[in-house]
Amino acid sequence: MTRALFAALFATASLTTPAAAKTAFDGVWLFHKAPPTPGVTMMEVTSKGAKIEGRVTTLWYGPVDMMNPRIADGKLLFEARNINDRDHPTRSWSVSLKDGKPHLEGQIWESPIAIDGYRGTAKDAKARAFRFTPLPPLGQTIPSKLAATPPMGWSSWNKFAEQIDDKTVRAMADAMVSSGLRDAGYTYINIDDGWQGKRDASGVLQPNAKFPDMKALTDYVHARGLKIGIYSSQGPRTCAGYEGSYGHVAQDAKSFADWGFDYLKYDLCSGEWFYADADTVKRSYHEMGAALQATGREMIFSLCEYGRFDVGSWGRDVGGQLWRTTGDITDDYETMAEIGFDKNGNAAYAGPHGWNDPDMLEIGNGGMSADEYRTHMTLWAMSAAPLMMGHDLRETDAATLAMLTNRRVIAIDQDSRGVQGKAVRKQGALEVWAKPLADGRVALALFNRGTEGAIMALAAADAGFTSITQVENQWSGATEATLPASYAVPARGAVMVVVKGQ
Ligand code: GLA
């Protein structure tokens, strides 16, 4: 249905000529990228004297300003930067005009293209191209009953991206058990993007050839005392360009339930232009939340819209148990720290059955030092963040395993009170965080974000106490009766303690 609509939409596009065009390129142009990877790109050009300005808007990534737009040899040339791309690559675009029709060559972010376009209006683009089925209604609040503590498990994306298949998922389930990670609390084995094939004649989404039998796969994972998750997106395409759930929400929810999945991560990719503000995004998530509920199968609902529109304030209402607070993590200290310290969501929204999700773990992937990974784990535990491992579980070395299975650290993350810890003190690169626990004790973390080792001290007041009667070091397990005079915190490292006091 989606493809047919795309085809119909562009076959009947209206031709509107803007008044007072100054260069032949001035105006609004629409380009339709045909199925199987449908997409709409809008190009807007205005010129004032010799100065040309413009922007390109894609269905997936929104508006991006043209850099250095210029006309040479009758062609409009410019560069554009994909703000969502991890490496911020700058792409070159070239537009020529033939018989009044534009021909665009370049890279629409995910693949090189050469397509003909037509003149349109921005109104066309939004009203007709970017939103062509009625908005789902905003139904009743869906109770968020699962995930009394932050979900723990593994997800395929950080390590395997699209190179994921049935065999690897089974191997991860086996490794989760044999490594002892399952027994430390990691329950979910989540398939991220890249499992999807095509829809059959009745619109039912089939897995691709790498996943020959989804029911057999979920049975295999369940037989190991684990749960299993799957991924989709609310737009026509997922972030990696696979079939999304747009127009097939109830059908897909039913497939996920029938296959035996326990968890859905639902991404905004390519839905960004249909669902471009708080109201529409919320409706879209509600549509899937209600569809999951209607299946009768209990499934965790993980919202992945990068923290837009104050998602924490409504994530629970649409049936969500966790919601991403940021763009994607990468396996480097700078990105991890930016997310974990500064983009981990409003702590007031977190608590039992609803969690801020600063994205999956990179521990074990090799891009950070032991101290940096310790900061990663400490920060996620202090934040009551979901703990979704993102490495190859078969290759978990002893140090990584010790870090991921430290029962004391996990207990802070999983504390039943569900408070998201936050900074109580900051001085330059040094931060002290506190997280009150269910038993009245308080977890404290000392973070050194600087590149030199630092000497830091704790005070009873950091925990809201006037005196301290016991200090337990969460990483080492060592217990003392009083706070030490100071702690040596390595560069980009962390210390974590739990204090008892009054
Ligand atoms: C987005 C999400 C990632 C991952 C990819 C898959 O970028 O934020 O976590 O799911 O899509 O394509």
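A short tour of the structure in this document, coming up. (Residues numbered from 1 in each chain as written. Predicted model: local features only at pLDDT ≥ 70, side-chain atom pairs only at ≥ 80, totals over all residues. Heavy atoms only, no water.)

### Thoughts on the nonpolar core
Phase 1: Formed by 84 residues in total, the largest nonpolar core has its most connected members in Tyr186, Trp195, Met288 and Met377.
Phase 2: It is helix H9 (residues 370-382) that provides the largest number of residues to this core, a total of six residues.
Phase 3: Looking at which domains feed residues into this core, each of domain 2 (152-413) and domain 3 (422-501) supplies at least three.
Phase 4: Not counting residues up to four positions away in its chain, the partners in contact with Met377 are Tyr186, Leu361, Ile363, Leu387, Met403, Leu404, Val409, Ile410 and Trp475.
Phase 5: Of all hydrophobic cores here, the second largest spans 18 residues; its members include Met456, Ala463, Val495 and Val499. (Core = buried A, V, L, I, M, F, W, Y, C linked by side-chain atoms within 4.5 Å. Buried < 20%, exposed > 50% of the residue type's maximum accessible area, 1.4 Å probe, protein only. Helix = DSSP H or I, 4+ residues; strand = E, 2+ residues; numbered from the N terminus. Domains from an automatic or database assignment. Contact = heavy atoms within 4.5 Å.)

### Considerations on the sheet that holds strand E10 (residues 152-155)
Pairing between the strands of a sheet comes from backbone hydrogen bonds, and it takes one of two forms, parallel or antiparallel.
Phase 1: Read across the sheet, eight strands follow the order E18-E17-E16-E15-E14-E11-E10-E19 without closing on themselves; strand pairing throughout is parallel. A strand with exactly one partner marks an edge of an open sheet, and here the two such strands are strand E18 (355-357) and strand E19 (387-389). Averaged over all pairs of adjacent strands, the angle between strand axes in this sheet comes to 25°, irrespective of strand direction.
Phase 2: Taken strand by strand, helix H4 (residues 166-178) contacts E10, strand E11 (188-190), strand E14 (227-233) and E19, and its axis lies near 160° from that of E11. (Pairing = 2+ DSSP bridges. Axes fitted to C-alpha atoms, helices over the stretch in contact; angles between N-to-C directions.)

### Considerations on H9
Phase 1: With 13 residues, H9 should reach 18 Å at 1.5 Å per residue; the first-to-last C-alpha distance of 18 Å fits that figure.
Phase 2: Those residues of H9 that fall on the buried side of the exposure criterion are Glu372, Tyr373, Thr375, His376, Met377, Thr378, Leu379, Trp380, Ala381 and Met382.
Phase 3: Within two residues after H9, Ala384 carries a phi angle of roughly 50°, on the positive side. (Expected span 1.5 Å × (residues − 1).)

### Things to note about the site of the ligand
Phase 1: The local shell around the ligand holds 13 residues, among which Asp192, Asp193, Lys265, Arg324 and Asp328 are the closest.
Phase 2: Between Asp328 and the ligand, the recorded distance is 2.5 Å, taken from a side-chain N or O atom to an oxygen atom.
Phase 3: Protein chains shield 93% of the accessible area of the ligand, which is 310 Å² for the free molecule.
Phase 4: When grouped by side-chain class, the residues that make up the shell around the ligand number seven nonpolar, no polar and six charged. (Near = heavy atom within 4 Å. Polar contact = N/O pair within 3.5 Å; in protein donor to acceptor, adjacent residues only side chain to side chain. Areas by Shrake-Rupley, 256 points an atom, 1.4 Å probe, with all protein chains shown as cover. Nonpolar A, V, L, I, M, F, W, Y, C, P; charged D, E, K, R; others polar.)

### Quick look at unusual backbone geometry
Phase 1: Here Tyr306, not a glycine, exhibits a phi torsion of approximately 65°, which is positive.
Phase 2: Mapped onto the fold, Tyr306 is located in the loop between strand E16 (300-304) and strand E17 (322-324).
Phase 3: Despite not being glycine, Phe309 shows a phi value in the positive range, around 55°.
Phase 4: In this structure, Phe309 sits in the loop between E16 and E17.
Phase 5: Classification of Phe309 as partly exposed rests on a relative accessible area of 31%.

### Side note on the packing of H4 against helix H5 (residues 214-222)
Phase 1: Packing of H4 against H5 brings their axes to within 9 Å, and their N-to-C directions diverge by 10°. If you check the angle between H4 and H5, you find them roughly parallel. Along the contact surface, H4 presents Asp166, Val169, Arg170, Ala173 and Asp174, while H5 presents Ala216, Leu217, Tyr220 and Val221.
Phase 2: Of the residues in the contact of H4 with H5, the class split is six nonpolar, no polar and three charged. (Parallel < 35°, antiparallel > 145°, perpendicular 65-115°, else oblique.)

### Some thoughts on the pairing of strand E20 (residues 422-427)
Phase 1: Burial runs low along E20: only zero of the six residues are buried.
Phase 2: Taking the residues that link successive antiparallel strands as the turn, the E20-strand E21 (residues 430-436) hairpin has two residues, and the phi of Gly428 there is positive, at about 60°.

### Observations regarding the state of the cysteines
Phase 1: Inspection of every chain in the model, using the stated rule, returns one disulfide.
Phase 2: Here Cys239 is linked by a disulfide to Cys269, with a sulfur-sulfur distance of 1.9 Å. Between Cys239 and Cys269, the disulfide has an S-S torsion of 105° and is therefore right-handed. Of the two residues, Cys239 sits in the loop between E14 and helix H6 (249-259) while Cys269 sits in the loop between strand E15 (263-267) and helix H7 (278-295), which places them 30 residues apart along the sequence.
Phase 3: What makes Cys239 partly exposed here is its relative accessible area of 27%.
Phase 4: Left unpaired, Cys304 is separated from the closest cysteine sulfur, that of Cys239, by 6.4 Å. (Disulfide = S-S within 2.5 Å.)

It is worth stressing that arrangement in space is one thing and function is another; only the former is reported here.
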